[in-house]
Amino acid sequence: MTEQTLLDAVTARRDDLITLTQALIRIPTLNPPGRNYREICGYLAERLGQNGFSVEMIRAEGAPADSTTYPRWNLVARYEGGPGECVHFNSHHDVVAVGHGWTKDPFGGEMEDGKIYGRGACDMKGGLAASIIAAEAFIATHPTFNGSVEISATADEESGGYGGVAYLAEQGYFDPARVQHVIIPEPLNKDRICLGHRGVWWAEIETHGRIAHGSMPFLGDCAVRHMGAVLEEMERTLFPLLATKHTDMPVVPEGARQSTMNINAIHGGEPVQDADYTGFPSACVPDRCKITIDRRYLIEENEGEVRAEIEAVLEKVKAARPNFHYELTELFSVTPTMTDRDAPVVKTVEAAIAKVLEKQADFVVSPGTYDQKHIDRIGKLKNCIAYGPGILDLAHQPDESVGVQDMEDSAKVMALTLAELLL
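Let me sum up the structure you'll find in this document.

What counts and how
Residues numbered from 1 in each chain as written. Predicted model: local features only at pLDDT ≥ 70, side-chain atom pairs only at ≥ 80, totals over all residues. Heavy atoms only, no water. Axes fitted to C-alpha atoms, helices over the stretch in contact; angles between N-to-C directions. Helix = DSSP H or I, 4+ residues; strand = E, 2+ residues; numbered from the N terminus. Parallel < 35°, antiparallel > 145°, perpendicular 65-115°, else oblique. Left-handed = near helix turned anticlockwise from the far one by under 90°. Contact = heavy atoms within 4.5 Å. Buried < 20%, exposed > 50% of the residue type's maximum accessible area, 1.4 Å probe, protein only. Arc of directions from axis to C-beta. Pairing = 2+ DSSP bridges.

Further remarks concern the packing of helix α3 (residues 37-50) against helix α4 (residues 121-141). The interhelical angle for the contact between α3 and α4, taken along N-to-C directions, is 15 degrees, at an axis separation of 12 Å. In terms of orientation, α3 and α4 fall into the roughly parallel class. Between α3 and α4 lies a crossing of right-handed hand. Seen from α3, the contacting residues are I40, L44, R47 and L48; seen from α4, they are K125, L128, I132, I133 and E136.

Here's what the structure looks like:
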């Protein structure tokens, strides 16, 4: 059986690739809160089961956000060949909020000019569909092979992955004795291999004040003004410091090769009222103000250093500002990860890209984290990359789309990778 026969088998499934991608987009797996997770897992279980895979539907009971109303469902499907290694394709099935500015139906799966539109088209239902087509084409053309092929569709990557890959890793699904090669079809461009990602440290900072009548603010202590001093100090010292920190990691885009921090949210004073409330705010001095920070750090840094920089800002403000009190609460953290360029899955995908696209692969690192963090940290599996169709810049945008040719080409790369690792 020649490589061309396998590539032709992928091409022959082009219409199926389109239909599958559209069907996945039309299941609105919005996160938050976590809608239709069971529906999409059930849809995939039926398809893969009919094609010879053994399938498991796994609920991440007790994981963050899992509830009776919004259970966190995952699918793991496995096709057994002979003795040998396992290649696992992992895709998340959840998508972010639609947002404003769309000219297409966000869940219509509309096709136009060679692109399929919809929320999750790029990130990453197109990649999920491509991995399924690649696996099915490989199995059809090589009914006897060494090892196993796994496909998973997992929950909550967009909110940290704790109800998806993290839970599965804790249950042993990514144990290196069980799985040896992992490809995550995130949208990093079809000619790129993503080796890993930067680190992340999320935290909340709360400043304290004292409530009083708004007409006599001198009798209170405004927590929002205290937070303003924190933000001013960050602008004066912290952000310039972060701009001086650069990495040798091949992070894309270029701006993410430095340390960054985003003020994710801010709130102080009276709670936001329900949409149907027609009254006016009450006259009070706010006694609490809170911001959420999203700090992305480099492999050359460490978590202790990241936290110490924030504490230094707060302590500097405290020393200069009377009655300044604060609380700093860590929400979660993820260390940076980067797979070695000589790892087996890296070298194999690199060779497949050269054959399919007739060009050398680029090696990149993601500016944000994805589920490789759990496979590495919990599963202890290092032979893992992200590779898939789609353009990262389109993720989470209005009129998100994925190119059909990009999906087909990526599926061919994935199919050749299976042939190299399992034959």
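Still to come is the rest of the account.
Taken together, the buried positions of helix α1 (residues 3-12) are occupied by L6, L7, A9 and V10. Looking straight down α1, one finds that the buried residues subtend no more than 155 degrees of arc, so they occupy a single side. Tucked into the core, α1 has its buried residues touching α2 (14-25), α4, α8 (344-357) and α10 (404-422).

So, on to the environment of L75. Relative to the helices and strands, L75 is located in strand β2 (residues 73-80). Residue L75 is classed as buried on the basis of its relative accessible area, which comes to 0%. Residues L75 and Y37, 38 residues apart in the sequence, show an inter-C-alpha distance of 9.7 Å. In contact with L75, not counting residues within four places along its chain, are C41, L44, A45, L48, V55, E56, M57, I151, S152 and A153.

Right, let's talk about the sheet that holds strand β10 (residues 260-268) for a bit. Taking strand neighbours across the sheet as the criterion, the four strands line up as β10-β11-β9-β12 in an open arrangement whose pairing is antiparallel. Looking at which strands have only one partner, the edges of the open sheet turn out to be β10 and β12 (325-334). Taken pair by pair, the neighbouring strands of this sheet meet at an average axis angle of 15 degrees, ignoring direction. Its contacts with the sheet put helix α6 (residues 223-243) on β9 (199-208), β10 and β11 (288-297), and the angle it makes with β10 is roughly 175 degrees.

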